[in-house]
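Each chain, letter by letter, is given below.
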Amino acid sequence: MRLKVSLLTVFFCFIFSSLSFANDDPKKITIVLDAGHGGHDFGTKNSLYNEKDYTLEIVKAVKERNQNTNIEIVLTRDSDQFLELIERSALINKVNPTYFISVHLNSAMDKTKNGFEVYHYPKNNEAKILAENFIQNVNFPIENRGVKSANFHILRESKAPGFIYEIGFISNENDAAYLTSEDGKEKIISEILKFIQK
């Protein structure tokens, strides 16, 4: 009888200690950051900047500044490398992150177009909620163009929820001045990081 009681005591102590350990170890999350374009694909550009270099600078800075050990940030590319769209979505599916953000610069023939916007896949409600949450919580001194849906490959073929973040129009004089300023870049990096860590 005493042996049974002792075994039960050990069993319940083990269960309790296991539960306590689990509570002290919050579940880690993984975020994929995708820097648009790369290699021979420059993306959009103006006389001073091109999209492939700018987006890479932003995502690398976000990853480097993340100090939260419960958040792992994975980059689709960390150098000037060309990746096909199918390679990007395949990498995201292999990592199987909590969500992903694909970072881009915008451009238009109409030089008056300005502001930042985000795109989600129309058939993914979780992605829509994520995009809306992002657009409502970031704070930039340029126009907020809101949330839109699109049938882009990376949104459609990636199994995890995610969105494309168009930082601003490099073709617009005011947007370009802000985006390429040190203060502007710092603000963009800090706002993405704040959203990821919230």
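Because the structure is a prediction, the values reported are computed rather than measured.

Colleague: Is there a simple way to think about the pairing of strand S6 (residues 162–169) in this case?
Modeller: Taken residue by residue, a regular strand's side chains alternate between the two faces of the sheet. When you tally the buried positions in S6, you get eight out of eight residues, the bulk of the element. Sheet topology places strand S3 (residues 99–106) next to S6; six bridges connect them, and they run parallel. Considered in S6, the bridge of Ile101 is made with Phe163. Sheet topology note: the strand S4 (residues 116–120)/S6 ladder contains three bridges and is antiparallel. Bridge pairing links Tyr119 to Ile164 in S6.

Colleague: Looking at this structure, I do not really get the packing of aromatic side chains. What am I missing?
Modeller: Note on aromatic pairs: each is described by the distance of the centres and the angle between the planes. A full pass over the atoms with the stated rule returns nine aromatic pairs. Between Tyr49 and Tyr54, the ring centres sit 6.2 Å apart and the planes meet at 80 degrees, which makes this aromatic pair edge-to-face. The exposure class of Tyr49 is partly exposed, given its relative accessible area of 24%. Looking at Tyr54, the relative accessible area reads 1%, which means it is buried. Between Tyr99 and Phe195, the ring centres sit 6.1 Å apart and the planes meet at 65 degrees, which makes this aromatic pair edge-to-face. A residue pair is termed long-range when its members are at least 10 positions apart, and Tyr99 in strand S3 and Phe195 in helix H7 (residues 182–197) qualify at 96 residues. Like Tyr99, the residue Phe195 is buried in the burial classification. Site record: aromatic cluster; members linked through ring pairs are Tyr99, Phe116, Phe134, Phe140, Phe163, Tyr165 and Phe195. A cation over an aromatic ring shows up here: Lys45 above the ring of Phe42, its NZ or CZ 5.0 Å from the ring centre. Residue placement shows Lys52 over the ring face of Phe42; its charged tip is 4.1 Å from the ring centre.

Colleague: Hey, could you run me through the packing of helix H2 (residues 51–65) against H7 in this one?
Modeller: For any two helices packed against each other, the geometry comes down to the angle between their axes and how far apart the axes lie. The N-to-C vectors of H2 and H7 enclose an angle of 50 degrees; their axes lie 9 Å apart at closest approach. Comparing their axes, H7 and H2 come out oblique. Relative to H7, H2 is oriented so that their crossing is right-handed. Where H2 approaches H7, its residues Tyr54, Glu57, Ile58, Ala61, Val62 and Arg65 are matched on the opposing element by Lys185, Glu186, Ile188, Ile189, Ile192, Leu193 and Ile196. Tallied by class, the residues present in the contact of H2 with H7 amount to nine nonpolar, no polar and four charged.

Colleague: Just checking my understanding: could you explain unusual backbone geometry for this structure?
Modeller: In most cases, non-glycine residues show a negative phi, while peptide bonds are predominantly trans. Here His37, not a glycine, exhibits a phi torsion of approximately 70 degrees, which is positive. Structurally, the position occupied by His37 is in the loop between strand S1 (29–35) and H2. The phi dihedral of Asn96 falls on the positive side, at around 55 degrees, and the residue is not glycine.

Colleague: Could you clarify how one ought to interpret the pairing of strand S2 (residues 71–75) in this entry?
Modeller: Burial of S2 is extensive: four of the five residues sit out of reach of the surface. Sheet topology places S1 next to S2; five bridges connect them, and they run parallel. Paired with Leu33 across the strands is Leu75, a residue of S2. The β-α-β motif built from S1, the intervening H2 and the parallel element S2 has right-handed crossover chirality.

Colleague: Is there a simple way to explain the pattern of salt bridges in this structure?
Modeller: When charged atoms on two side chains of opposite charge get close, those side chains can pair. Considering all chains together, one arrives at 10 salt bridges under this definition. Two residues, Arg65 and Glu186, come together in a salt bridge whose shortest N-O distance is 2.8 Å. In this pair, Arg65 sits in helix H2 while Glu186 sits in helix H7, placing the two residues 121 residues apart along the sequence. Overall, Arg65 belongs to the partly exposed group, its relative accessible area being 36%.

Scoring rules and cut-offs
- Residues numbered from 1 in each chain as written.
- Predicted model: local features only at pLDDT ≥ 70, side-chain atom pairs only at ≥ 80, totals over all residues.
- Heavy atoms only, no water.
- Buried < 20%, exposed > 50% of the residue type's maximum accessible area, 1.4 Å probe, protein only.
- Helix = DSSP H or I, 4+ residues; strand = E, 2+ residues; numbered from the N terminus.
- Pairing = 2+ DSSP bridges.
- Phe/Tyr/Trp six-rings, centres within 6.5 Å; stacked < 30°, edge-to-face > 60°.
- Lys NZ or Arg CZ within 6 Å of the ring centre and 35° of its normal.
- Axes fitted to C-alpha atoms, helices over the stretch in contact; angles between N-to-C directions.
- Parallel < 35°, antiparallel > 145°, perpendicular 65-115°, else oblique.
- Left-handed = near helix turned anticlockwise from the far one by under 90°.
- Contact = heavy atoms within 4.5 Å.
- Nonpolar A, V, L, I, M, F, W, Y, C, P; charged D, E, K, R; others polar.
- Right-handed = clockwise from strand over helix to strand, strands pointing away.
- Salt bridge = Lys/Arg side-chain N within 4 Å of Asp/Glu carboxyl O.

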